[in-house]
Amino acid sequence: MKKFITENKSFTITVIDRAKDGKPLQCRNGHEIGDSYICEYGCPMPTNGCGGFCSKTMMNLYRLKEVVYTNGDLRLLGFPNNHDIEFPCPDGAVWFRMQIHDLTEIKPLTADKLPEYADVIRRSFATIAKDFGWTRENAPGHVSYLSDEQMKERFKGNFHLFGLCVGDKIFGFVALNDLGDGVYELSRLSVLPEWRHYGYGKKLVDYCKEKVREFGGRKITVDIVDENTVLKNWYAANGFVYTGTKKFGHLPFTTGYMEWEVTQAN
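Per-chain numbering applies: the sequence of each chain, read as written, is numbered from 1 onward. This being a predicted model, a pLDDT of at least 70 is required before a residue's local features are given, and a value of 80 or more before pairs of side-chain atoms are given or counted; all residues contribute to the totals for chains, interfaces and linings. Hydrogen atoms and water are omitted, and side-chain values are computed over all heavy atoms in the structure.

Asker: Mind showing me how you'd approach the sheet that holds strand 9 (residues 183-191) here?
Answerer: Sheet strands pair by backbone hydrogen bonding; their relative direction is either parallel or antiparallel. Within the open sheet, the seven strands sit side by side as 6-7-8-9-10-12-11. Their pairing is mixed. The open sheet is flanked by strand 6 (105-109) and strand 11 (241-247), the only strands paired with a single partner. Strand-to-strand twist in this sheet, taken as the mean axis angle between neighbours without regard to direction, amounts to 30 degrees. Here the rule is simple: two strands pair whenever DSSP picks up at least two bridges between them. Helix numbers and strand numbers start at the N terminus; a helix is a DSSP run of H or I with at least 4 residues, a strand a run of E with at least 2. By the bridge criterion, six bridges tie strand 11 to strand 12 (residues 254-261) in an arrangement that is antiparallel. The axes are straight lines fitted to the C-alpha atoms, using for helices just the contacting stretch, and the angles between their N-to-C directions are given from 0 to 180°.

Asker: Sorry, what's going on with the side chain of Thr-255 here?
Answerer: Summarising the element assignment, Thr-255 is placed in strand 12. The exposure class assigned to Thr-255 is buried, which follows from its relative accessible area of 5%. Contacts are assigned to residue pairs with any non-hydrogen atoms lying within 4.5 Å of each other. Setting aside chain neighbours within four positions, we find Thr-255 in contact with Asp-223, Ile-224, Asp-226, Gly-244, Thr-245, Lys-246 and Phe-248. Note on classification: 1.4 Å probe, protein chains only; a residue is buried when its accessible area is under 20% of the maximum for its type, exposed when over 50%, partly exposed between these limits.

Asker: I tried to follow the pattern of salt bridges on my own but got confused; where do I start?
Answerer: Pairs can form between side chains of opposite charge once their charged atoms are near each other. Salt bridge, as used here: a side-chain nitrogen of Lys or Arg that lies within 4 Å of a carboxyl oxygen of Asp or Glu. Taken as a whole and assessed by the stated rule, the structure comprises 17 salt bridges. Asp-119 is the salt-bridge partner of Arg-123, the closest N and O atoms lying 3.5 Å from each other. You can see Arg-123 and its partner Asp-119 sitting in helix 2 (residues 114-132), four residues apart, about one turn around the helix. Overall, the relative accessible area of 31% leaves Asp-119 in the partly exposed class. Between Arg-123 and Glu-194 there is a salt bridge, with its nearest N and O atoms 3.5 Å apart. Here Arg-123 is found in helix 2, whereas its partner Glu-194 is found in the loop between strand 9 and helix 4 (200-215), with 71 residues between them in sequence. The exposure class of Arg-123 is partly exposed, given its relative accessible area of 40%.

Asker: What exactly am I supposed to notice about the confidence of the model for the protein here?
Answerer: Predicted coordinates in regions of low pLDDT should not be interpreted in detail. Of all residues in the protein, 94% have pLDDT values of 70 or greater, and the mean over the chain is 87. Looking at the elements of the protein, mean pLDDT is at its lowest for strand 3 (residues 45-46), recorded as 74, and at its highest for helix 4, recorded as 96. A residue's pLDDT is simply how confident the predictor is in it, with values from 0 to 100.

Written out as structure tokens, the structure reads:
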């Protein structure tokens, strides 16, 4: 069997003593306090030789995991947070603690794999081109049609490249271009469509903000499709201020400009 998808979450499930009603832990599967299991989307696997899960518990467990995988809010189900929750088996004999781990991390990238990064950028921006009806014929300059050679040419100079990764696989990309005088351009922020709505775009932007602070910079600028109101509002919600527009003849849209100032408050 070969798994075709890389998961962004993992789970540690531990048997705990939660005998609220005074009943002892008496599970037909033999669960004991301290038994621990790990899993991603599939069934939990024991880490210390303990037994498995009954079908009734698995039904409850999968419901909880589906909430996590769809970026739902477990707090709406009465849990105090989205990271460490406790739940009983349907028979009330065993209580479990499920800890949720995000497997993604942001890593500095080197320039030796620019075609791989270009593929992430193209696939990410392709959804925007589709939404606006842009094609290679009517919008050849759009980033969704970025070639590998253009990628190599684009990221020459004072660029810092970062990837959203699980292990060695890249699912998001962003670059910071040092424009001088403490100003950095945020470029090609990309998250693959299947990885959206988990907050990873914000995670990449926040990472860039911290990097600019670390570099001693004072400002981040970004250019966007001005007609993309959703994106414009998203950047505004992340602290960017709208500064103006410019029209380029080779592009079928107006380029909008926004910026974020480095302060202690944001």
